[in-house]
Amino acid sequence: MKRILECRASDFITFNRQDLVGSIRKAEGRTVMAEVIPTVQPLYPEVTNAELARAFGADLILLNMLDVFHPYIKGLESHALFGDLPGDEMSDHPILELKRLIGLPVGVNLEPVDFSEKSSEMNEVKRGRLASVEAFQKASELGIDFVCLTGNPNTGVTNEAIEQAIIRGRREFAGVIIAGKMHQAGVGNVLDRDAYIRFVEAGADIILLPAPGTVPGVREDSFHELVQELQALGALTLAAIGTSQEGADVATVRDIALSSKRGGADIVHIGDAGLSGIAVPENIQALSIAIRGRRHTYIRMAASVNR
């Protein structure tokens, strides 16, 4: 990845939308996004899951289940924002502190729930996780670099609701907008060509599709056709491993990563359900090596945020 995807430890910045999109485009399919759950006990309590994901090769960190009105990241307790800043004051700026530690763009999932489709059997989504005007505004205040408009399992997120959320987000949020479903999320189709085109027209920068070999029936040839069409419209594409296969063996993750790259994906994503709110770390590394080799992976793993 280009140097725009890193910052010095002393820099508390929001990564510019155009620069971030341009950097991903120039990386030619060699960008790794790792999704983590920041509100659960991290795999090892001495570090956050985001730090661990970065250490194993991630370029972008996506926070799932984060309430933007009450942001909390487990594992930050031992760190202080400005050296001697007490932990309780540091907790007022968890996103900035996380970015100081990892030097990478940080994003958050916001869920466009279609309440006309909600049923008592579906999971409740907290206000701070909904794709509302207020949540987009708060994401900007927190220093979030990108939002991902998608749905966790059984939440009632529809493609129609995603489209409307993109329109709201484009008015209220200056960062990068990612849109699409990794799986059914309770309602509607996952692969929907017409919906993807509407997402681009509404202002989405990156279209999220399930990676080949994740959701049943998503094959490399059909994935490739959709990716080509979306890229011709000017959008970037993301291949998501959001089906708990982030906890599979290394060979499975490597195969999905290579299929995604052959399919033309600009970003390969790996989900958070491998262990405690994070993919199996070795699988993040295996994905990275598969799509860009040891050279770029080891540099990403070793480079200090102060470089």
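Just so it is clear, the structure is predicted and the values come from calculations on it, not from any experiment.

Caption draft 1: Quick look at the nonpolar core. Counting 66 residues, the largest nonpolar core has I61 and L149 as the members making the most contacts within it. Once residues within four sequence positions are removed from consideration, I61 is found in contact with A34, V36, A50, A53, R54, I102, L104, P105, V106, G107 and F146. Membership of the second largest hydrophobic core comes to 18 residues, among which are F146, M182, L238 and A240.

Caption draft 2: Just the side chain of N152, in detail. With respect to the element layout, N152 can be found in the loop between strand 4 (146-149) and helix 6 (159-172). Assessed through its relative accessible area of 14%, N152 is described here as buried. Within the structure, the side chain of N152 is placed 2.9 Å from the side chain of E111, a separation counted as a polar contact.

Caption draft 3: Up close: unusual backbone geometry. Residue E28 is not a glycine yet carries a positive backbone phi of 55°. Position of E28 relative to the elements: it lies in the loop between helix 1 (17-26) and strand 1 (31-36).

Caption draft 4: Expanded view of helix 6. Here helix 6 contains 14 residues, and its C-alpha end-to-end distance of 20 Å stays within 8% of the 20 Å for a straight helix at 1.5 Å per residue. Within helix 6 the residues assigned to the buried category are N159, A161, I162, E163, A165, I166 and G169. On its buried side, helix 6 packs onto helix 5 (133-142), strand 4, strand 5 (176-179) and helix 7 (193-202).

Rules behind the numbers
- Counting restarts for each chain: residues are numbered from 1 in the order of the written sequence.
- For a predicted model such as this one, the threshold for reporting local features is a pLDDT of at least 70, and the threshold for listing and counting side-chain atom pairs is 80 or more; totals across whole chains, interfaces and linings nevertheless cover every residue.
- The side-chain quantities take in all heavy atoms of the structure and omit both hydrogens and water.
- Within this scheme, the nonpolar core is defined by two criteria: the residues are buried Ala, Val, Leu, Ile, Met, Phe, Trp, Tyr or Cys, and they are joined through side-chain atoms within 4.5 Å.
- Remark: exposure states derive from per-residue accessible area (1.4 Å probe, protein chains only) relative to the maximum for the residue type, with buried under 20%, exposed over 50%, and partly exposed in between.
- Whether two residues are in contact is decided by their heavy atoms, any of which lying within 4.5 Å being enough.
- Secondary structure is summarised from DSSP: a helix means a run of H or I of at least four residues, a strand means a run of E of at least two, and numbering begins at the N terminus for each.
- Polar contact is the term for a pair of N or O atoms within 3.5 Å; when the atoms are in protein, one must be able to donate a hydrogen and the other to accept it, and sequence-neighboring residues count only if both atoms are side-chain atoms.
- What a helix is expected to span follows from its residue count: subtract one and scale by 1.5 Å.

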